[in-house]
Structure formats: structure tokens, C-alpha cells
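Below, each chain spelled out in residue letters.
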Amino acid sequence: MHFHTFLIFPKIPEKLVFLEVLARNLWWCWHRDAIGLFRRIHPRLWGEVGGNPIKFATRLSQKRLEELAEDQSFLAHLERVKSLFKQQVLTHHDYSASPYGQSEAIAYFSMEFGIHESLPIYAGGLGILAGDHLKASSDIGLPLVAVGLLYQYGYFRQVLDENGWQHEKYHETDFYFLPMRRAHDQNGDKVSITVAGPEGEIHAAVWKIDVGSVTLLLLDTNLSKNPPAIREITSRLYAGDSKLRLAQEILLGIGGMRALNALNIFPRICHMNEGHCSFVNLERLVRIMSVYQTDLKTAMEIVASSTIFTTHTPVAAGHDEFPADIVKPYLYAFETTLGIDCDEILSWGQLKGQGADAPLSMFILGMKMAQYINGVSDLHGQVARNMWKDIWPGRTEKQVPITHVTNGVHLPSWLSSNIIQLLERYLGPEWYLKSSDPNISERIDDIYDEELWSAHEMNRSRLIRTCRELARRQEMRRNATSSALSAMETVLNQDVMTIGFARRFATYKRAYLLFNEPERLICLLTSQKHPVQFIFAGKAHPMDDEGKKMIQTVVRFAKREGVQDKLIFIEDYDIHLGRHLIQGADIWLNTPRRPQEACGTSGMKAAANGVLNVSILDGWWCEGYSPETGWRIGNAPNDPSTQHPDHAHQDALECQALYNVLENEVIPCFYSRKNGTDSWIWLKMMKASMKMAFRSFSSLAMVSQYQQMFYLPASQRFETLIKNGGEEAQRLAAQRKRLHTHWDAIRIESPVKNIKGPFRVEDNFQVCVDVYLGELLPEEVDVELYCGNLKTVDKLDNTRTMPMAVIEDKGDGNYRYAGQIACDLAGRFGFTAHVTPRGDDLIKFSPGLIKWAEN
């Protein structure tokens, strides 16, 4: 039997009509006053519906709404929120005179988006980061449109059995309770797109969600016209089957770009948030060729010069790869539109020399189509350069063109209401729009210690209450006894130092490290003088049994006699639980195996709330750590890409370091407060931690950095390349072809200095080198000295390059170059010379185009 469904909402009084507008734009979820507006309507019901205003509306009584329509206090509150909404969302931005030249100039693609717990299309950190990117873009009025997939079941819900083993449950999302609507084209017709696939055409509906002033487009294959296998494409986030996963990434990239085109959105810039999105470049090439009537090589210059590729994965095995034979069926349609055969398209995502049957790497495909490539922390940038240096043969690690933009967190989304109240009072009502300004963040020192500590204690109390309620629910699901349920009502202590550990349970994150010394852990938990309690949360990947075993280790330990109320694991970690943890813990613990943590934004959120970090020096903490802001576990090796050869030995060393820092520094510091004193070091560290997070690790700072480093240069470059029928792009394509044709003929002799030395500081000497360029001209290349500290016989450190100039044309393509080396510091140094193409970074760093001097 089939039923047709429909919803009935209350009749909204005219004075409250704005509530419906507000409920359908996720702007409300990062504005305290807007959240408070919904909550005051019916506080208990608001909590029951998980803070979902549309679901909330279906359960409100008509009587309550009529009461609110006559409540002058509520109406004043509503007008205050409405005024800010109009100012930040409805004010029209004229982008025609801006460097972007148009609205929706930047298309941001991501496999997942974590905006609010009521929109379950995220799995973890990548999605949360994407959600924060959209919010910050809205805050500063960036002309950005986002593209993702609409998952019917989202990511799994975690359920633990009585033995602590993780099981995965998939709950269907009720789209009727989400603030989304079908996208319509200029004729008012609903937008759908089609992508050719091996099993037939993939049809997808396009939905819209408003995130402040930013539009998020989501593609949905759960349509009756699709067969069951195709409907499954947007069923679950991160499908385990490789064919289904490939179909998702094809839909995201190719389908996503077609959705933009159907809506008459033609972005100047594409930003790929991880390699899942890399197929977007294929469809973008087709669009560029069609709109500007260019050939493929010219279009490739335009696309690459205006594409940003952000990688989040510090382990090569973590990047998606797909067998060539399952990718090819999706590429056949591009043979006609791009004018080349399938194998050549496939080669764009394969390592050179591996052969036509080699798997397609989504990282390589994304990298080859992007001028701007970045990791997500300083250390991760270094790790990525080391990991992918073979793609640029002949380049030193430092010369690999991967930079970094350290992730940031959207402060209004993650700070507690108690902390925000203090910030509004001491920093001003729009503090979050100026959070990276040192003059603003320094005012955090003006907050009275008593007020800050009182706010933090309220956060901790709220965390404990939340954990007790969630623990009681999970025990009820396991049919626990009444005594076990009663025990959950008193688990944890609101006055005890609380350490939080919540993240994905992957083996490299080493949740087990603390449990390698169980007796020391028991001593910490049962101490009468300085008691400590721990809250754990996190999911393991469904296929990761080792991660599930780590969860089981935590759960089993928590059942030990004498510690049941002092260490707890809360299942089904999500944004809601995460928000309480990073606001209410005293310490945020992080124990990854360096350098496998790309960034780690949960620690930033904790720091912004005044929660102090205790962490391995990995990811963002290498930049955020100082003795004033938190603690480090152990020391970091001099070479950032170095991994300890013996993991067991490393674990033993760092377990000792962890307990040493907790027992001798962290815990004594927390309990050192004396009544009536104002100089408690802990509060000074809390303020320093908050200032550090505000200045350097907000999504406002992150998006501003993307804008200055990538978006603005890419937009300007796009404008230059499309002028006059793509004249400049055609020139670049021709120059690239010329360089590749003649590059192998270049020879560069060993450079010779004009004075033997030794030298003194402030001396200078000249270096000459003979170069054979063949058919190439001096104005087409750069010949440079490469100098640095001599680390080993064949390796330099602290390197720098210095230009060399032609001093003699010797004829027949032979030239003599000369350059100067300044002796600025004492020490042992080395130098050589190399030739690279002259041009923008896309030309200069072309893989394979570098020649070093002969020995």
C-alpha cells in the first residue's frame, strides 16, 4: 500500500512571518540571538527536536504562536534578529566592480558538509571544515557557491554492544524537515542533470540550501526514473564499494559542474576540497571550450590557472585510486567533447611511466589541473611535498609547488553561549568579524578572571549533564538494569578536572596510548588529592577492525571496579556532542602518530573556548603550541617528515611523556588555585589560548588567506586568459608545447666561482656557468644559482636561489651566465645551478621541466 505524504504547519501570525524565513536559512545556527529566539518559544521542545526549526514548527501549537504574536518582548527580540539577518544576508552585494566581477564567482566542491547536526551530510573533520568555510564566506560576503551530494542515509550512527564493539546503523533522513528546496532554472523549471555511466544514464535532482548568503547545491539520485543501483549512489556517505564510490565522485565533479551550468552559474574559480572532486575539471574543460570557442590545450591553461586544490590527507594510501577499467566507461563521452581518446584523459590521473592500465589517482588528477595546491597546516604542507615529490622529478622537496593554508574554525559556531556573552561585552557585538585583529583579541585580557572561570564552570556542568543523559540513553538501548541506569545519573563529577578525547578512532590517532600504562591511569582517576576524569567519544570506520578494538579497549577499561564513574565512552559522536566537549572539558587530549595528523581542528575549537591542549606536536599544534597556551607531549624530530622506525618503541616513549606531563605539570597546575588570589596561572593560559585561536586559527583568517593567496590571483588570471578570445592562454599553450619539445636538449655545465676562497662574512664572489639552450632563447628560461648550508655531501639545507644573467652569447644556442653569491653567514655551504622555464607558476613548475648543472 502506498501513501502520499504531506505536512501541516501551524498558521503563522503576520507578526511572526519572519520566523519561517529564518528557519529556512542555516544562518540562524551560528547566531546566538537567533538560536535564543527559537529556544524561548518552547525550550523543552527545542531540545527534543535537536534544534531543527522546521521540525520544531510542526510540533508547535497554534495557541503558543498566537501568544507570541502579542508578546512585546518576543517581538522586540525577533525584530533585532530580523535586522541583523537583513544586514548580513539580504543586503545585495554588487560584485560587478569587485575583483571577482560577478556573484557566485567561486565554486567550492566537497564530498561532505558539516553545518549543523540537523543536516546529516557529514562524517567528520573534512565536512566540518567545509561547513565552516561556507559560514565564514557568508560572514565576509564572498561570492561563493558550494556543491555537494544529498545523502539519504548520511553517515552511519554508532551503536556499541555490551562488549563495547561498534555496530553501524543507517537512519533515513527525513528531507521534509530540512531547509532545502528544489533548484529552478531561469524558466522556472526544476533542475535535474544527467551523467553517462556504465549502467546507463545517471539522473540527479538539484536541491538548494541557503547558508547565510552562500548557496549550497546538493545532487540527489534517489529518483524514480533511476534503477535501484543508481539510486544508491547518494544513499550513504563514503560508500565502501569502489564502483559506488567512483560513481559518487563522478556525480560530484561532472554532475556538480553541470548543475551550475543548468542554473546559468559560470564560476571563474573552482576550489576542490580534497581529491574526491577532481572530475570537476573534465566538465569544466568542456564548458570553457564551448563558451570561449577554444581548443583543449588553451582550455587546460585557463582551467588550471583558476583552480585551487586542497589536500587533507598526509598518507598516500588515504587518497582514492580507482582501477582504470571501471573509470573508462565514464570517460568515453569526453572523447567527443574534448577531442582526445580515453587513455589520454586517464593518463592525467596516472603516474608517468606506470602504463595505461595503472589506477587513476584522484590526487594526481586534481594536482595536474590546479595551479594552486595546498595542505592544511605548515607541517602537512611539508609532509605533502615529501610524499608527492616524485611527481615533479628533479625538484628538491622544497621546490615542490605545494604550499599550505592552515585550517581554521568558525568561532561563533563553536564557542559556548557563556563565552560569547563575555566576548560581546568586552570585544563588541561584531567581535567574530574582527577576531583575527590582534587589537581585538588582546581585549580578552580585559575579561575578569572570575567571569571567565564562572563561564567555564557552567560549560563543564553542561557537559557533565549532557554526558549523563546520553550515557543513560545508551544504557537503556542495551536493556540495562535499573541500578545501571541510576548509576548513569551520577557518572562524572562537575567539580573534577575533566579531560576530553573525541575524534575518529583510526589507529594513527592512538586512542590506546593512555591505556598502555593502566596502573598509572587508575592512580590518576582515583586520586583523592587531585582527581581526574576522562570523556571519550569517536567512531571507527566500518571496515576498520583495529579502530573498533581501540573503542572496545576504552569501554572495557571504563567497566573496571572503582573507575566506572570517572571514565566514560559516549557513543555516536556528532556535532552536538562535539560542541559540548570542546566547550566544557578542561583539557583537550590529542595523541596522533606524527606526522600523520594533517591539521586537527577540534583542538582549535577547544582552545577558542579556553580549553587547554595537551598534544603531540603534530598538525596545527606545531603552530599553536607555546608554553603559555598548553602542553606538548614529547619532542618533535628535526626533520618534519621523519617517522619513527619502531612504532612500539615510539608508543612506549610517548606514553611515558604523556603521563609525565599530566602528573608533573598539567594536573598540579589545575589544582594550584588558591582562594582569593587573582594570579592563577591556569586562567592566564586560558586567555592566551583563546587569543592564539582567535588570531591565527579562525575560519575568518583561513578564508581571508585563501582569498589573498588563491582566489584573487586566480580571478585576475582568469580574466587575463579569456581576453581577446583566449589569446594569452593560447600563447601559454604554445609556449608549453615548445618547452616540452626542446627541453631535453638543454645542457648546463658545472658552475665555476671566480675566486677560490676561503671567504669572510660580507664577502661576495661571482659564479659563471655555460648553458646550451638549443632552440630555446634566454628570455624563455631562468638560470639560477641554488645555494645553502651543506648538510651532507649531496644535500643542502636552508636553501635559496639567486638569478643569473647572460654575460656572453657564444653562438649556436650556447650562453654564459653569471651570478653573485653574498657571504652573509659563517659556515660550510654548497652551491650549484639549474634551469627552469620562465613564466607563471603553472609554467615554471611543470613536472619534468628542470635541468641541473652537471657534476
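The structure this text deals with has already been given above.
Note that the structure is a prediction, hence the values are computed from the model and not measured. (Residues numbered from 1 in each chain as written. Predicted model: local features only at pLDDT ≥ 70, side-chain atom pairs only at ≥ 80, totals over all residues. Heavy atoms only, no water.)

A few points about the overall build of the protein
Step number 1: In terms of regular secondary structure, the protein is built from 29 helices and 29 strands.
Step number 2: Taking 29 Å as the expected radius of gyration for a compact globule of 855 residues, we find that the protein reaches 29 Å, a close match to that expectation.
Step number 3: Dimensions of the protein, computed from the C-alpha atoms along their principal axes, are close to 90 × 70 × 50 Å.
Step number 4: In the protein, which comprises 855 residues, the proportion classed as buried is 57%.
Step number 5: Within the protein, residue pairs in contact and separated by at least 24 positions form 72% of the contacts whose partners lie at least 6 positions apart.
Step number 6: Just so you have it, the protein exposes about 35900 Å², and 49% of that area is on carbon and sulfur atoms.
Step number 7: Distance from the positive charge centre (92 side chains) to the negative charge centre (102 side chains) of the protein: 3 Å. (Helix = DSSP H or I, 4+ residues; strand = E, 2+ residues; numbered from the N terminus. Rg over C-alpha atoms; globule rule 2.2 N^0.38 Å. Buried < 20%, exposed > 50% of the residue type's maximum accessible area, 1.4 Å probe, protein only. Contact = heavy atoms within 4.5 Å. Areas by Shrake-Rupley, 256 points an atom, 1.4 Å probe, with all protein chains shown as cover. Lys, Arg positive; Asp, Glu negative; His and termini not counted. Charge placed at Lys NZ, Arg CZ, Asp CG, Glu CD.)

Describing the sheet that holds strand β16 (residues 532-537)
Step number 1: Reading across the sheet, the 6 strands line up as β17-β16-β15-β18-β19-β20 and stay open at both edges, with parallel pairing between neighbours. Edge positions in the sheet fall to β17 (567-570) and β20 (630-633), since each has one partner strand and no second. When strand polarity is set aside, the average angle formed by the axes of neighbouring strands in this sheet is 20 degrees.
Step number 2: Packed onto the sheet, helix α19 (residues 449-477) meets β15 (497-502), β16 and β17 and runs at close to 65 degrees relative to β17. (Pairing = 2+ DSSP bridges. Axes fitted to C-alpha atoms, helices over the stretch in contact; angles between N-to-C directions.)

So, the pattern of salt bridges
Step number 1: Following the criterion strictly, the structure yields 44 salt bridges and no others.
Step number 2: Across the pair R80 and D33 runs a salt bridge, and its minimum N-O distance is 2.7 Å. One end of the pair, R80, is in helix α6 (residues 72-90); the other, D33, is in helix α2 (residues 32-41), and 47 residues separate them in sequence.
Step number 3: According to the relative accessible area criterion, R80 is partly exposed, its value standing at 46%.
Step number 4: The shortest N-O distance in the salt bridge between R258 and E283 comes to 3.1 Å. (Salt bridge = Lys/Arg side-chain N within 4 Å of Asp/Glu carboxyl O.)

A word on the pairing of strand β25 (residues 795-803)
Step number 1: Taken together, the 7 bridges between strand β24 (residues 781-792) and β25 define a ladder with antiparallel strand orientation. Its bridge partner lying in β25, Y786 is registered against T801.

Examining the sheet that holds β25
Step number 1: Strand order in the open sheet formed by 4 strands is β25-β24-β28-β29, and the pairing between neighbours is antiparallel. Single-partner strands in this sheet number two, and they are β25 and β29 (851-852).
Step number 2: Where strand β28 (residues 829-837) meets β29, 2 bridges bridge the pair, whose relative direction is antiparallel. Within the sheet, the bridge partner assigned to V835 lies in β29 and is K851.

Describing the packing of aromatic side chains
The geometry of two aromatic rings is summed up by the distance between their centres and the angle between their planes.
Step number 1: Within the structure shown, the criterion is met by 37 aromatic pairs.
Step number 2: On the numbers, 5.7 Å between centres and 40 degrees between planes, the contact of W631 with W682 is tilted. Taken together, the residues W631 in strand β20 and W682 in helix α27 (residues 681-696) connect sequence positions 51 residues apart. This pair shows no difference in class: W631 is buried, exactly as W682 is.
Step number 3: Among the aromatic residues, those joined into a cluster by ring pairs are F501, F505, F515, F534, F536, F557 and F569.
Step number 4: The cationic tip of R503 hangs over the ring face of F501; the distance from NZ or CZ to the ring centre is 4.8 Å.
Step number 5: When the ring centre of W414 is taken as origin, the NZ or CZ atom of K605, which lies over that ring, is 4.2 Å away. (Phe/Tyr/Trp six-rings, centres within 6.5 Å; stacked < 30°, edge-to-face > 60°. Lys NZ or Arg CZ within 6 Å of the ring centre and 35° of its normal.)

Thoughts on the packing of helix α11 (residues 296-305) against helix α28 (residues 699-742)
Step number 1: At a closest axis distance of 8 Å, the pairing of α11 and α28 adopts a crossing angle of 140 degrees. The orientation of α11 with respect to α28, classified from their angle, is oblique. Crossing hand, α11 versus α28: right-handed. Residues K297, T298, E301, I302 and S305 of α11 touch α28, and the partners they reach there are A714, R717, F718, L721, I722, G726, A729, Q730, L732, A733 and R736. (Parallel < 35°, antiparallel > 145°, perpendicular 65-115°, else oblique. Left-handed = near helix turned anticlockwise from the far one by under 90°.)

Observations concerning the nonpolar core
Step number 1: Among the nonpolar cores identified, the biggest contains 176 residues, and L22, F109, L134, F279, L338, W348 and Y711 are the most heavily contacted of them.
Step number 2: Element by element, the count of residues in this core is highest for α28, at 13 residues.
Step number 3: Sequence-distant contacts of Y711, defined by excluding residues within four places in its chain, comprise Y100, I106, Y108, H133, L142, L144, I269, H271, I308 and Y706.
Step number 4: If you look at the next biggest cluster of nonpolar residues, it comprises 103 residues, including V554, C655, M692 and A693. (Core = buried A, V, L, I, M, F, W, Y, C linked by side-chain atoms within 4.5 Å.)

Observations concerning the side chain of R593
Step number 1: With respect to the helices, strands and loops of the structure, R593 is situated in the loop between β18 (587-590) and α24 (602-608).
Step number 2: Within the structure, R593 has its side chain in polar contact with the side chain of Q650 (distance 2.7 Å).
Step number 3: Those residues in contact with R593, other than ones at most four positions away along the chain, are Y508, R510, Y512, D618, H647, Q650 and D651. (Polar contact = N/O pair within 3.5 Å; in protein donor to acceptor, adjacent residues only side chain to side chain.)

Quick word on the environment of L84
Step number 1: Relative to the assigned elements, L84 resides in helix α6.
Step number 2: Put simply, L84 and H31 are 53 residues apart on the chain and 9.7 Å apart in space, counted from C-alpha to C-alpha.
Step number 3: If we skip the residues at most four places from it in the chain, L84 touches W27 and H31.

Some remarks on the pairing of β17
Step number 1: Every second residue of β17 is oriented toward a common face, with L567 and F569 on one face and I568 and I570 on the other, all of them buried.
Step number 2: Two strands pair when backbone bridges link them, and β16 and β17 are joined in this way by 4 bridges, in the parallel orientation. Pairing of I535 across the sheet is with I568, part of β17.
Step number 3: For the segment spanning β16, helix α22 (residues 545-558) and β17, crossover handedness is right-handed. (Right-handed = clockwise from strand over helix to strand, strands pointing away.)

Things to note about the packing of α19 against α27
Helix packing for two helices is described by the angle between their axes and how far apart those axes are.
Step number 1: Running from amino to carboxyl end, α19 crosses α27 at an angle of 80 degrees, the nearest separation of the two axes being 11 Å. Overall, the two elements α19 and α27 adopt an arrangement that is roughly perpendicular. For the pair α19 and α27, the contacting residues are D449, L452, W453 and H456 in the first and W682, L683, M686, K687 and M690 in the second.
Step number 2: Looking at the contact of α19 with α27 residue by residue, the class counts come to 6 nonpolar, 1 polar and 2 charged. (Nonpolar A, V, L, I, M, F, W, Y, C, P; charged D, E, K, R; others polar.)

Considerations on the state of the cysteines
Step number 1: Evaluated as defined, the whole model comprises 0 disulfides.
Step number 2: With no disulfide of its own, C655 has C523 as its nearest cysteine by sulfur position, at a separation of 13 Å.
Step number 3: C823 carries a free sulfur, and the closest cysteine sulfur to it, the one in C787, is 8.5 Å from it.
Step number 4: A relative accessible area of 12% means that C823 is categorised as buried. (Disulfide = S-S within 2.5 Å.)

Focus on helix α5 (residues 62-69)
Step number 1: Residues of α5 that are buried include every one of L65, L68 and A69, and no others. Here the buried residues of α5 occupy an arc of 105 degrees about the axis, which is enough to place them on one side.
Step number 2: In this fold, the buried residues of α5 make contact with α2 and α6. (Arc of directions from axis to C-beta.)

Focus: the environment of D770
Step number 1: With respect to the helices, strands and loops of the structure, D770 is situated in strand β23 (residues 764-772).
Step number 2: D770 sits in the partly exposed class, given a relative accessible area of 23%.
Step number 3: C-alpha separation for the pair D770 and S137, spaced 633 residues apart in sequence, amounts to 51 Å.
Step number 4: Contact partners of D770, with chain neighbours within four places excluded, come to R747, I748, E749, K810, Y815 and R816.
Step number 5: Polar contacts involving the side chain of D770 include one to the side chain of R816, which spans 2.7 Å.

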